[in-house]
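Tertiary structure, described
Residues per chain are reported as follows:
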Amino acid sequence: MSRLEIDELERKWLSVSLAMIGLFVGAIVVTAVSQGVHPPSHVETIDSASLHLSQEFAEDKLGVQPTPLADGSLQVRLVAGRYGFYPREIEVPAGRRIVFRMASMDVLHGAHIPMTNMSTMIVPGYVSEVVSVFPKPGEYPMLCNEYCGLGHDHMWSKVTVIA
Ligand code: CUA
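Now for a look at the structure at hand. (Residues numbered from 1 in each chain as written. Predicted model: local features only at pLDDT ≥ 70, side-chain atom pairs only at ≥ 80, totals over all residues. Heavy atoms only, no water.)

Turning to its location among the elements, Ser 48 is positioned in the loop between α1 (8-35) and β1 (63-64). Here Gly 125 takes part through its backbone nitrogen, which lies 3.1 Å from a polar atom of the side chain of Ser 48. Setting aside residues no more than four positions away along its own chain, Ser 48 makes contact with Ser 104, Met 105, Pro 124 and Gly 125. (Helix = DSSP H or I, 4+ residues; strand = E, 2+ residues; numbered from the N terminus. Polar contact = N/O pair within 3.5 Å; in protein donor to acceptor, adjacent residues only side chain to side chain. Contact = heavy atoms within 4.5 Å.)

Under the counting rule described, the total for this entry stands at two aromatic pairs. Judged by centre distance (6.2 Å) and plane angle (80 degrees), the rings of Phe 100 and Phe 134 are edge-to-face. With Phe 100 in strand β5 (residues 97-104) and Phe 134 in the loop between β8 (128-133) and β9 (138-143), the pair connects residues that are 34 residues apart, well separated along the chain. Just as Phe 100 is buried, Phe 134 falls in that class too. (Phe/Tyr/Trp six-rings, centres within 6.5 Å; stacked < 30°, edge-to-face > 60°. Buried < 20%, exposed > 50% of the residue type's maximum accessible area, 1.4 Å probe, protein only.)

What follows is about unusual backbone geometry. The step from Arg 82 to Tyr 83 runs through a cis peptide bond, and the omega angle for that step is -10 degrees. Along the polypeptide, Tyr 83 turns up in the loop between β2 (74-81) and β3 (84-86). Of the consecutive residues Tyr 86 and Pro 87, the connecting peptide bond is found in the cis state with omega at 0 degrees. Here Pro 87 shows up in the loop between β3 and β4 (89-93). Of note in the backbone geometry, Met 115 takes a positive phi value of approximately 70 degrees without being a glycine. Note that Met 115 resides in the loop between β6 (109-112) and β7 (119-122). Residue classification places Met 115 among the exposed positions, given a relative accessible area of 85%.

Pasting the structure below:
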């Protein structure tokens with residue numbers, strides 16, 4: 001047996017492991033292409049310094065949007081900044097799909113409504129989108145859960161869910 005020859009058994013195992021690698025990579029590629037899945041690094045960016053001039057996050061475009069999205073969900077746009085979420089109070093209907101879109105005007109913030117799935121980081125330069133449904137009417141606090149400075153503990157706003 002010359003030094004370049006590979007043992008028959010080893011050759012078999014080599015092809016098995018290559019086939020498995022191919023299968024795994026293939027599964028990732030097929031999922032990505034067919035389901036439109038992309039890695040979390042692909043996100044929407046925005047210039048935090050000029051939010052007030054942007055199409056979407058200008059002051060008069062914030063809050064609950066008057067026109068529902070094509071699927072009937074309501075869109076809510078919020079700007080997070082030291083130390084509050086703007087607008088400070090919003091009112092949304094219960095049982096409706098709410099699409100939150102949020103951007104920071106300064107530093108890293110978080111948005112969290114306790115006891116719901118509404119929780120996200122708001123990284124300056126990026127748009128954060130979270131979808132939530134509030135089944136029960138009531139008043140909910142939206143809290144900042146990323147330390148953002150001395151006023152962090154007081155950074156919250158009120159979400160009222162109406163029947
Ligand atoms: Cu904003 Cu903590």
